[in-house]
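What follows is the residue order along each chain.
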Amino acid sequence: MRPFDFTRPDDLEGACAAGFTEGATFIGGGTNLIDLMKLEVMAPAHVVDVTRLGLDRIEDEGDGLNIGATVRNADLAADPRVRRRYPVLSRALLAGASGQLRNRATTAGNLLQRTRCPYFQDRDSACNKRTPGAGCAALGGEVRNHAILGTSEHCIALHPSDMAVAMRALDAEIEVRDPEGGMRSMDLDHFYRLPRDTPHIETRLEPGDLITSVRLPAPKGDRQIYRKVRDRASYAFALVSVAAVLRMEGGKIAHAAVAFGGIGTEPWRDIEVDAMLTGETPSDSLFDKAGEVLVQGADVQDGTAFKVPLVQRVLKDVLWRAVA
Amino acid sequence: MQISFTVNGTRQDMELDPRVTLLDALRDHLGLTGSKKGCDHGQCGACTVLVEGRRVNACLSLAAMHEGEEITTIEGIAQTSPDTAATLQQAMIDYDGMQCGYCTPGQVCSAVGMLSEAREGWPSHVTEDLDAPLELTRDELTERMSGNLCRCGCYPGIVKAIRTASEARTSDSEAA
Ligand SMILES: Cc1cc2nc3c(=O)[nH]c(=O)nc-3n(C[C@H](O)[C@H](O)[C@H](O)COP(=O)(O)OP(=O)(O)OC[C@H]3O[C@@H](n4cnc5c(N)ncnc54)[C@H](O)[C@@H]3O)c2cc1C
Ligand code: FES
Ligand code: FES
């Protein structure tokens, strides 16, 4: 690990001021940052602990919830309101990592966790995300846990989060405080950035921006499912995952929000897929078509080709369970 | 930098580089080598300790992040959670829950943390109904312990030992 200064401010002003200094980075649970600092893939000059700012509460807000940035993943998954009204979120969280990691991992840290691409994590491999302009060893290299949607000729790194997939299906909004103290909110739909020719820029956060909370509007569907397929039954990242939030009315799908993990450079959602399901009567052919639309233009390598039929089958299974 | 926290009931004041992980602070600076370093990347659970009663991977945490907190390691767990930990430790011996023993301290700390999560009714990935009271079945137990790997494959013994400890707890609380 490279040397760094460590501070633990106890108010937002102090945290944002410290987070705006040259080479500074925030730390939540540290389960991703410390891992990458050990590998020297990340080498901040200043680490600012944000876990003592009072951002660890889950509050009712109208018919929705306001989830503090430092609420631990375990607490969020176990919260009775989340279990009852946003079960897709509890399920996604519980499908991720391990009991120990969920006790540390925070809401904001989970959203901002970096890719698990082995070339990103290996300083001896070329990686445009780690070193802009260096090239991409994954292209033409060994791939498996890589993206097939949202990729560019510069990067095919996958966004690994389970939680963020559920949050996309729930239309979450991110609340951000800038270094001057201004607050703004962003739809999760507009929070991540596709790699294009700047894969090192992953979100719309600016230097010193602190995530303070994530807002969930009232759930738009009561039929919620999260299904994750992985190489072993537990404690493994998704090969493919699907989060569905549906509402039925008179045998028809009145609301459909479907998001995907394991396939996109960001937690994936395709408004075309949602639109074609909405207002329709469930059928095999409808769900097959949704699966076809989803993978239009997929960028498939030898090692990731299996994800196309896999995600289509999981989607179909999840949709049938959701409408049942 | 100056860092203080409590380990197994004793306050520790240390002068540490901010880079020192909680695991290295415990092992190298306080000589508490019961917590093990398997992977050093959160992938094996050998370093599991309790922080404020909750199980965490000590390898993926900085000592500096624990100022003022209460840490329990395998060296102190039998004092801090006497009924569960003592029963579990004896059951690990009775059921051969180990071969080389490297993962064992992490398994024990993790199981103690897991059992208190279960008592609070936390659901898991395999819980059918997120709203129903929890029954700690074998599937529940193995899912909840998936963050602890055992290279010697002593899982059957570990599972039996944890079930014994969890049943002892249940009859304890019924008797009480
Ligand atoms: C072995 C292993 C298995 C895992 N398996 C899974 C899995 O199956 N599914 C899954 O989804 N995840 C998995 N994870 C990843 C885990 O979920 C993440 O490491 C965790 O969610 C990150 O949260 P954190 O609070 O620890 O983040 P940190 O490491 O503290 O931070 C991550 C990033 O977020 C930034 N950050 C943190 N808080 C803020 C804030 N408030 N504002 C702005 N920036 C902030 C930090 O600067 C840093 O860049 C696994 C991790 C490990 C080690
Ligand atoms: S040493 Fe910490 S999880 Fe392996
Ligand atoms: S007993 Fe050897 S690793 Fe578990």
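Residues numbered from 1 in each chain as written. Chains lettered and ligands numbered in written order. Predicted model: local features only at pLDDT ≥ 70, side-chain atom pairs only at ≥ 80, totals over all residues. Heavy atoms only, no water.

- Looking up chain A in an unreviewed UniProt entry gives the name Putative oxidoreductase subunit, with the organism given as Pseudooceanicola batsensis.

Considering the overall build of chain B
Right, on to step 1. Looking only at helices and strands, chain B features six helices and five strands.
Right, on to step 2. For chain B, the N- to C-terminal ordering of α and β elements is β-β-α-β-β-β-α-α-α-α-α.
Right, on to step 3. Computed over its C-alpha atoms, the radius of gyration of chain B comes to 16 Å, within 12% of the 16 Å expected for a compact globule of 176 residues.
Right, on to step 4. Based on the C-alpha atoms only, the size of chain B along its principal axes is roughly 45 × 35 × 30 Å.
Right, on to step 5. The 176 residues of chain B split such that 53% are buried.
Right, on to step 6. Across chain B, contacts joining residues at least 24 apart in sequence account for 57% of those joining residues at least 6 apart.
Right, on to step 7. A total of about 7,600 Å² of accessible surface is found on chain B, and carbon and sulfur atoms cover 47% of it.
Right, on to step 8. Side-chain charges of chain B comprise 14 positive and 26 negative groups, with the mean position of each set lying 5 Å from the other. (Helix = DSSP H or I, 4+ residues; strand = E, 2+ residues; numbered from the N terminus. Rg over C-alpha atoms; globule rule 2.2 N^0.38 Å. Buried < 20%, exposed > 50% of the residue type's maximum accessible area, 1.4 Å probe, protein only. Contact = heavy atoms within 4.5 Å. Areas by Shrake-Rupley, 256 points an atom, 1.4 Å probe, with all protein chains shown as cover. Lys, Arg positive; Asp, Glu negative; His and termini not counted. Charge placed at Lys NZ, Arg CZ, Asp CG, Glu CD.)

Section: the sheet that holds strand 3 (residues 46-49) of chain A
Residue and element names in this part refer to chain A.
Right, on to step 1. Reading across the sheet, the three strands line up as 1-3-2 and stay open at both edges, with parallel pairing between neighbours. Of all strands in the sheet, those with a lone pairing partner are strand 1 (5-7) and strand 2 (24-27), marking the two edges. Each strand axis lies, on average, 25° off the axis of its neighbour in the sheet, ignoring direction.
Right, on to step 2. Where strand 2 meets strand 3, four bridges bridge the pair, whose relative direction is parallel. (Pairing = 2+ DSSP bridges. Axes fitted to C-alpha atoms, helices over the stretch in contact; angles between N-to-C directions.)

Quick word on the site of ligand 1
Right, on to step 1. Close to ligand 1 lie 37 residues, the nearest being A:Phe26, A:Thr31, A:Leu33, A:Thr106 and A:Asp162.
Right, on to step 2. Each of chains A and B places residues near ligand 1.
Right, on to step 3. Within the side chain of A:Thr31, a nitrogen or oxygen atom sits 2.7 Å from an oxygen atom of ligand 1.
Right, on to step 4. In the environment of ligand 1, a nitrogen atom lies 2.9 Å from a nitrogen or oxygen atom belonging to the backbone of A:Ile211.
Right, on to step 5. In the complex, the protein chains occlude 95% of the 980 Å² of accessible area that ligand 1 would expose alone.
Right, on to step 6. Those elements that place two or more of their residues in the shell around ligand 1 are strand 2, helix 7 (107-111) and strand 8 (210-216) of chain A.
Right, on to step 7. The class makeup of the residues in the shell around ligand 1 is 17 nonpolar, 16 polar and four charged. (Near = heavy atom within 4 Å. Polar contact = N/O pair within 3.5 Å; in protein donor to acceptor, adjacent residues only side chain to side chain. Nonpolar A, V, L, I, M, F, W, Y, C, P; charged D, E, K, R; others polar.)

Topic: the UniProt feature "domain: FAD-binding PCMH-type" (unreviewed entry) in chain A
Right, on to step 1. Taking the UniProt record as the reference, the feature "domain: FAD-binding PCMH-type" (unreviewed entry) is found at residues 1-221 of chain A.
Right, on to step 2. Annotated as 25% helix and 17% strand, the span residues 1-221 of chain A places its first and last C-alpha atoms 46 Å apart. (UniProt positions renumbered as here; feature names shortened; annotations may be inferred.)

Re the interface of chain B and chain A
Right, on to step 1. Contact residues are listed per partner, giving 41 residues for chain B and 40 residues for chain A.
Right, on to step 2. Taken over both partners, the interface formed by chain B and chain A buries close to 3,400 Å², and the fraction arising from carbon and sulfur atoms is 51%.
Right, on to step 3. Joining chain B to chain A, the criterion identifies four salt bridges.
Right, on to step 4. In this structure, the salt-bridge partner of B:Glu69 is A:Arg52, at a minimum N-O distance of 3.8 Å. (Buried area = accessible area lost by both parts, 1.4 Å probe. Salt bridge = Lys/Arg side-chain N within 4 Å of Asp/Glu carboxyl O.)

Notes on the nonpolar core
Residue and element names in this part refer to chain A.
Right, on to step 1. Residues Ile-67, Leu-76, Leu-89, Leu-111 and Met-167 are the most contacted members of the largest nonpolar core, which totals 47 residues.
Right, on to step 2. When residues of this core are assigned to their parent elements, the largest contribution, six residues, is made by helix 9 (residues 163-169).
Right, on to step 3. The contact partners of Leu-89, leaving out residues within four places of it in the chain, are Ile-67, Leu-76, Val-82, Met-163, Ala-166, Met-167, Leu-170 and Leu-216.
Right, on to step 4. In terms of nonpolar packing, the next biggest core, distinct from the first, is built from 33 residues, Leu-149, Val-273, Leu-277 and Leu-315 among them. (Core = buried A, V, L, I, M, F, W, Y, C linked by side-chain atoms within 4.5 Å.)

Quick look at the packing of aromatic side chains
Each pair of aromatic rings is reported with the distance of its centres and the angle of its planes.
Residues and elements named next belong to chain A.
Right, on to step 1. Counted under the stated rule, the structure contains two aromatic pairs over all chains.
Right, on to step 2. Here the aromatic rings of Phe-191 and Tyr-192 are separated by 5.1 Å at their centres, their planes lie at 80°, and the arrangement is edge-to-face. Take Phe-191 and Tyr-192: they sit in the same class, and that class is buried.
Right, on to step 3. With 5.0 Å between their ring centres and 70° between their planes, Phe-287 and Trp-320 make a pair best called edge-to-face. Linking Phe-287 in helix 11 (residues 284-295) with Trp-320 in helix 12 (residues 307-323), this pair joins segments that are 33 residues apart in sequence.
Right, on to step 4. Looking at Trp-320, the relative accessible area reads 33%, which means it is partly exposed. (Phe/Tyr/Trp six-rings, centres within 6.5 Å; stacked < 30°, edge-to-face > 60°.)

What about the pairing of strand 10 (residues 240-249) of chain A?
Residue and element names in this part refer to chain A.
Right, on to step 1. Counted residue by residue, strand 10 has eight buried out of 10 residues, so it is predominantly covered.
Right, on to step 2. As defined by bridge partners, strand 10 adjoins strand 11 (residues 252-261) across nine bridges and the pair is classed as antiparallel. In the strand pairing of strand 11, Val-245 is matched with Ala-257.
Right, on to step 3. Hairpin connection, strand 10 to strand 11: the antiparallel pair is bridged by two residues, and Gly-250 has positive phi, about 55°.

Details of the sheet that holds strand 4 (residues 54-57) of chain B
Sheets are built from strands paired through backbone hydrogen bonds, the pairs being either parallel or antiparallel.
Residues and elements named next belong to chain B.
Right, on to step 1. Read across the sheet, five strands follow the order 2-1-5-3-4 without closing on themselves; strand pairing throughout is mixed. Here the strands that pair on one side only, and so sit at the sheet edges, are strand 2 (10-15) and strand 4. When the angles between neighbouring strand axes are averaged without regard to direction, this sheet yields 40°.
Right, on to step 2. Bridge count for strand 1 (residues 2-7) against strand 2 is six bridges, and the pairing is antiparallel. Its bridge partner lying in strand 2, Ile-3 is registered against Met-14.
Right, on to step 3. Of the strands in this sheet, strand 3 (48-51) and strand 4 touch helix 4 (residues 104-119), which is tilted by about 40° from strand 3.

So, the domain arrangement of chain B
Residues and elements named next belong to chain B.
Right, on to step 1. Domain parsing of chain B yields domain 1 (2-74) and domain 2 (77-175).
Right, on to step 2. Each of domain 1 and domain 2 has a C-alpha centre, and the two are 21 Å apart.
Right, on to step 3. Contacts between the two partners involve 17 residues from domain 1, matched on the other side by 20 residues from domain 2.
Right, on to step 4. Roughly 1,400 Å² is buried in total at the junction of domain 1 and domain 2, and carbon and sulfur atoms are behind 55% of that figure.
Right, on to step 5. Where domain 1 touches domain 2, the interface holds one salt bridge.
Right, on to step 6. Connecting domain 1 to domain 2 are eight residue pairs in polar contact (both at pLDDT 80 or more).
Right, on to step 7. Of all the secondary-structure elements, those providing two or more residues to the side of domain 1 that touches domain 2 are strand 3 and strand 4.
Right, on to step 8. In terms of residues, the side of domain 1 that touches domain 2 owes the most to one element, strand 3, which gives three residues.
Right, on to step 9. Of the residues contributing to the side of domain 1 that touches domain 2, the split by class is five nonpolar, eight polar and four charged. (Domains from an automatic or database assignment.)

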